[in-house]
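Tertiary structure, described
These are the residues of each chain, in order.
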Amino acid sequence: QCDWSSDVCSSDLQEKYRLVVNGDESEVYDDITRPVFSPDGSRWACFGLYNNSWYLLTRDSVFGLPATTIGEIVYSADSKTMAYSYFESELEIIRFGSKRIETLYRTGPMFLNQTGKKLAFMGRYGTSMILNVNGREYEQFDQIIPFGFWQNGEMLYAAGSSPSWQIYKGDKPFADIYYDISETTINLAGTCAAFVTTMASGKKYSVVISDDYYDPLAGKLYDNIYGLTLHPEIPLVAYNAVYNGINLVVLNSTEYMGGEFTSNPKFSHDGKDLLFVGCDIDCFANINGRRYVIYDNINVRKKYAFKPGSGTIAYTT
């Protein structure tokens, strides 16, 4: 509500916004979207609205958009390429590098491959869905569940008609038919992916896809699985599991007691550590399988920061 170049507050600046990144301040806007950062944190972008006109703000530039409304911003895994979209009435314009794609039917998120040369999104035609990669449309399916780009530049996704799903790389299916896929994840490098699927009996298990394995690797059966997460580099998967009413945290095939209330497991940014917190009689943090008592009532749904290799966590109470 104040002009930061002076000590005077003005009613004209009420309900206005600036973006501040590392101390650098943007101009004043009527509205600013949440900034999207590149994976390495070196670049960022967001949209700003001023006098009913939309602008794209980046670390290095600001430029106007002929937009009636704005869409989405994504970065490639190598952080060198950004894709963004905006709407001209009903037509969505997607820009990345020197490429421009126009679409009327996009649904769900956009995906850039690791080098930023390919962009994929899902489209809906009536009751069917279709995968679009750099403007090329693939086969239509009843439903598509996207993972992201594999390291070879092919899009990895599940397609079919619920509850039966086939896994595809590009336009080629592989592996078995799976039932009721509930969670999917892929690492930044596109070298490992995982998902949760269900047996006809209702039991759930994880499946890991990696070029290190000849076939997708299936995990143990549990009553329920959720909170699926991947190691950032190697084919290690972690998740919450329930078996006979007992809460567990599973790292590949290793089980840890989760407590009456348990957070989702989280790998450190470098993959050196796995952390989760929980509460039963006492609250605790479990780092790499070692349990540390926390003498506070903690919220297992909050975010916890921790320093890789140190056994040190930080949290608010």
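Here, the structure is the one placed above.
As the structure is a prediction and not an experimental result, all values here were calculated from the model. (Residues numbered from 1 in each chain as written. Predicted model: local features only at pLDDT ≥ 70, side-chain atom pairs only at ≥ 80, totals over all residues. Heavy atoms only, no water.)

1. Quick look at unusual backbone geometry
Within the chain, Asn22 stands out as a residue other than glycine whose phi angle is a positive 55 degrees. You can see Asn22 is positioned in the loop between β1 (20-21) and β2 (24-25). The phi dihedral of Asn244 falls on the positive side, at around 55 degrees, and the residue is not glycine. Note on placement: Asn244 falls in the loop between β25 (237-243) and β26 (246-251). The exposed category is assigned to Asn244, whose relative accessible area is 58%. (Helix = DSSP H or I, 4+ residues; strand = E, 2+ residues; numbered from the N terminus. Buried < 20%, exposed > 50% of the residue type's maximum accessible area, 1.4 Å probe, protein only.)

2. Overview of the nonpolar core
Soluble globular proteins tend to pack their nonpolar side chains together in the buried interior. Ranked by internal contacts, the top residues of the largest apolar core, which has 15 residues, are Phe147, Leu156, Ile167, Ile181 and Phe195. Counting only elements with at least two residues in this core, the list comes to β16 (143-149), β17 (155-161), β18 (164-169), β21 (192-198) and β22 (204-210). If you tally residues by element for this core, the top one is β22, at three residues. Apart from residues no more than four positions distant in its own chain, Ile167 is found in contact with Phe147, Leu156, Tyr157, Ala158, Lys172, Pro173, Phe174, Tyr178, Ile181, Phe195 and Ile209. (Core = buried A, V, L, I, M, F, W, Y, C linked by side-chain atoms within 4.5 Å. Contact = heavy atoms within 4.5 Å.)

3. With respect to the sheet that holds β21
Pairing is antiparallel in the open sheet, where four strands are placed in the order β20-β21-β22-β23. At either end of the open sheet lies a strand with only one pairing partner, and these are β20 (183-186) and β23 (217-218). Two elements, β20 and β21, share four bridges in a ladder whose sense is antiparallel. Paired with Glu183 across the bridge in β21 is Val196. (Pairing = 2+ DSSP bridges.)

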